[in-house]
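Descriptive structure summary
Spelled out from the first residue to the last, the chains are:
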Amino acid sequence: MKIIFIFLSLLFVTIPFGDARCPNSCSGHGLCNTSSVCTCYSGWNGGAADCSYRECPFGIAWVDKAYSSNVAHQLTECSNSGYCDRSKGLCVCYPGFTGSSCQRATCPNGCSGHGLCGTLYDISISEGPDYDSRSTLAGDGVGIPYSLWDRNSNAMCSCDSGYYGPDCSLVMCPKGDDPLTTNQNYASILLSVEVKEITGKLGIEYQGKVIYISLTHPGDCGTLLSNNGHFGIVGCSFAQTIVEYSSYVATVLEFTLTFYNWPTFPKENNLYSSNGKPSIYDFFCDITYTNEFTICKFTEIESSNIREYAFCSNRGSCDFNTGDCTCVDGFGGPACSNITYLHHHGSNSKPGLEVSVTGLDYTSTALQISSARSSSSSFKFIEAIAASETVFYVDGEGSVGINKLKSLTGGMTITGGGLNVDSGGLTISSDGLHVYSSSASNPVALYSSRYADYLTSAYVAMQISTMSSTTNHFLIKAFNRGINVFALKANGQLQIGAGGLMVTGGISINSNGLKVTGGVTIRSGGLSISSGGLVVTGGVTINTAGFNVLRGGIQIFGGGMSIYSGGMKVTSAGLSVLSAGLAVTGGLSVNSNGLRVTGGATINTGGVYVTTKGMTVASGGMVIKSGGITVVADGLMIVTKGLTVLSGGVYVTTKGLTVVTDGVTITGGLTVNSAGAAISGGLTVNAGGMRISGGLTVFDAGATISGGITIKDTGLMVSAGGITVA
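Here is a short report on the structure shown in this document. Quantities reported herein were computed from a predicted structural model and do not represent experimental measurements.

Conventions and cut-offs
- Residues numbered from 1 in each chain as written.
- Predicted model: local features only at pLDDT ≥ 70, side-chain atom pairs only at ≥ 80, totals over all residues.
- Heavy atoms only, no water.
- Helix = DSSP H or I, 4+ residues; strand = E, 2+ residues; numbered from the N terminus.
- Buried < 20%, exposed > 50% of the residue type's maximum accessible area, 1.4 Å probe, protein only.
- Contact = heavy atoms within 4.5 Å.
- Areas by Shrake-Rupley, 256 points an atom, 1.4 Å probe, with all protein chains shown as cover.
- Disulfide = S-S within 2.5 Å.
- Pairing = 2+ DSSP bridges.
- Axes fitted to C-alpha atoms, helices over the stretch in contact; angles between N-to-C directions.

1. Here's the deal with the overall build of the protein chain
A tally of helices and strands in the protein chain yields three helices and 60 strands. Taking all 726 residues of the protein chain together, the buried fraction comes to 28%. Expressed as a percentage of contacts within the protein chain between residues at least 6 apart in sequence, the contacts between residues at least 24 apart total 37%. With an accessible surface of roughly 45800 Å², the protein chain has 53% of that area assigned to carbon and sulfur atoms.

2. Some remarks on unusual backbone geometry
Of note in this structure, H73 is not a glycine but carries a positive phi near 60 degrees. Turning to its location among the elements, H73 is positioned in the loop between β3 (58-60) and β4 (75-77). Relative accessible area serves as the criterion here: at 25%, H73 is assigned to the partly exposed category. The residue Q207 is not glycine, and still its phi comes out positive at about 50 degrees. Mapped onto the fold, Q207 is located in the loop between β15 (201-206) and β16 (209-214). The exposure class assigned to Q207 is buried, which follows from its relative accessible area of 7%.

3. Remarks on the state of the cysteines
A full pass over the atoms with the stated rule returns 14 disulfides. Paired through a disulfide, C40 and C51 show a sulfur-sulfur distance of 1.9 Å. Between C40 and C51 the disulfide shows an S-S torsion of about -95 degrees. By sign, it is left-handed. Of this pair, C40 sits in strand β2 (residues 38-40) while C51 sits in the loop between β2 and β3, placing them eleven residues apart in sequence.

4. Let's talk about the sheet that holds strand β28 (residues 400-402)
A sheet is described by the order of its strands in space; here three strands give the open sequence β26-β27-β28, paired in antiparallel fashion. Each having just a single partner strand, β26 (380-386) and β28 make up the two edges of the open sheet. Strand-to-strand twist of the sheet, defined as the mean angle between neighbouring strand axes without regard to direction, takes the value 15 degrees. The sheet contact formed by β26 and strand β27 (residues 389-395) spans six bridges and is antiparallel. The residue of β27 that forms the bridge with A386 is E389.

Right, here's the structure in full:
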């Protein structure tokens, strides 16, 4: 009995009841429960007991067993269109399927590079009908969403304009009206828009394209619609009426839309197509940008016997690989819509087609080409083709295209539109070029370079050249009413016949000087002459900015120099006037080296201002009519002839006044504020007396004063000769 107890005790010790043991410890991707079974984490329920297999994404099954009446397509791993790579948790889709769970079909050939691949839901939003126009009267420009089970599964191509087919690999050929079907009508519809308030813009949607027209400027509708979206030329007439209801008043805008043609190269694709007779159910209104209360309705006006809109105009075959039409005999043009009536001729020496008019009194048109279509560059009246090269044509606007114009006997007259040479330039071999203009605003000839990048110094905008061995001829001559006003000779000489030379921004002459007859007017910028001097016959007039001579001085031999304003500034080397004097109105400033005048200087106003070096008048004296003379420093020295001041007196601030000989004769009084007045040779004051603040010293010859003398301080000192007061 004791042995049995010991055995059972050892058994209970060695067997750990309640301690679960899961396979591979659930691979670290799950929890081990008390039954030793792994509870795998999300994404690791791949079917392995140890949670070592990944789980792949689920999607709506493309095919599966129906689990109720007409109910199928449950969520399955990889959507039943691929298998799961358990090591990565990624679906490996079968051909034709894509997406994380193989839930989406691929588009054939990737839409061939000419379209976008989208799900049924995506296509319904972007390209589907905006609303059911049979029951709804306006929309917002967004399609009705598709919501069945395959909304995010099935996919299709939305091809670019001009391409179609399931994979967008086919190219649409040009389309047009069958030229042999006549007396047909243009498709026409009526758009009625009822609004409480005329404001904003209305969107007209056709074949997925929305074009907005202004409700405040409805007359622009034809211009806005034509050649826009999938339209060609659209005629639009407009009418407006008022409708009164019991609770409000509304305005009805009626737009009559007539479709005269459609784009020759269609803007359609695999989702949209037209035969030239659009249904009113192809049109929708977008009222996003209008008044809140807006009602929109389309009504057919003309829908019978409508002009065709067919590939190659039903008069040729379309190569959908290239998008080119091969027209049958008698028809041509990109869409085979032109009747050509081919005329074959086998002779190598006779005209292929000859039009002969034999009547001697014939007054009609020998050959007439007419078009029902209005003037347009989109078609040609005449086209000449050598082999495969077009060498001559006349388009529907009357523009003429010529590969090479060889000769024009009798000249050419262009009455309008001008002459435009795109490339190759224009060469006139003889008789020159005559250009006439009657315009009062446009130039007779304009030479303009449109090259906007950097131009080198070798570039020439206009070049004139001659081959003569002599240089006495002219390169340019300018006339006004038969009078030569400007000329440029072959030797480089510039001749100005009348009016002088007007320069804004300065003129620089490096050598050989400048010879001008008739005067030079420089408005601004001055005149800079490096060497060679300036010879002027007839004077120089400088209105503003003065006249600046850096070195070499100025020599004026005759005619003098007149400066009316702004003064004249001489920095160095002085200014010499040899004859005829110097007349200055507005003042004269000499900064250094003085001013030497032979023949007198007359200053009408503004006086003379000398900063340093004084002023020397060699002979002839100086006459100052008004404004006086002010000497700030260094005094005023007159060697001979004395100084005569007729009126206004002499005002000396400092340094006094020294007259060496001949005395001073003053009519009108003399005032000396400080430093006194020292006079050798006597002083005569004729009238007005003399007022001296700092004393008066007369060395000899005395002083004769008529009018009295007043001395306030310092007294009066007379060394010899006494003082006589009359």
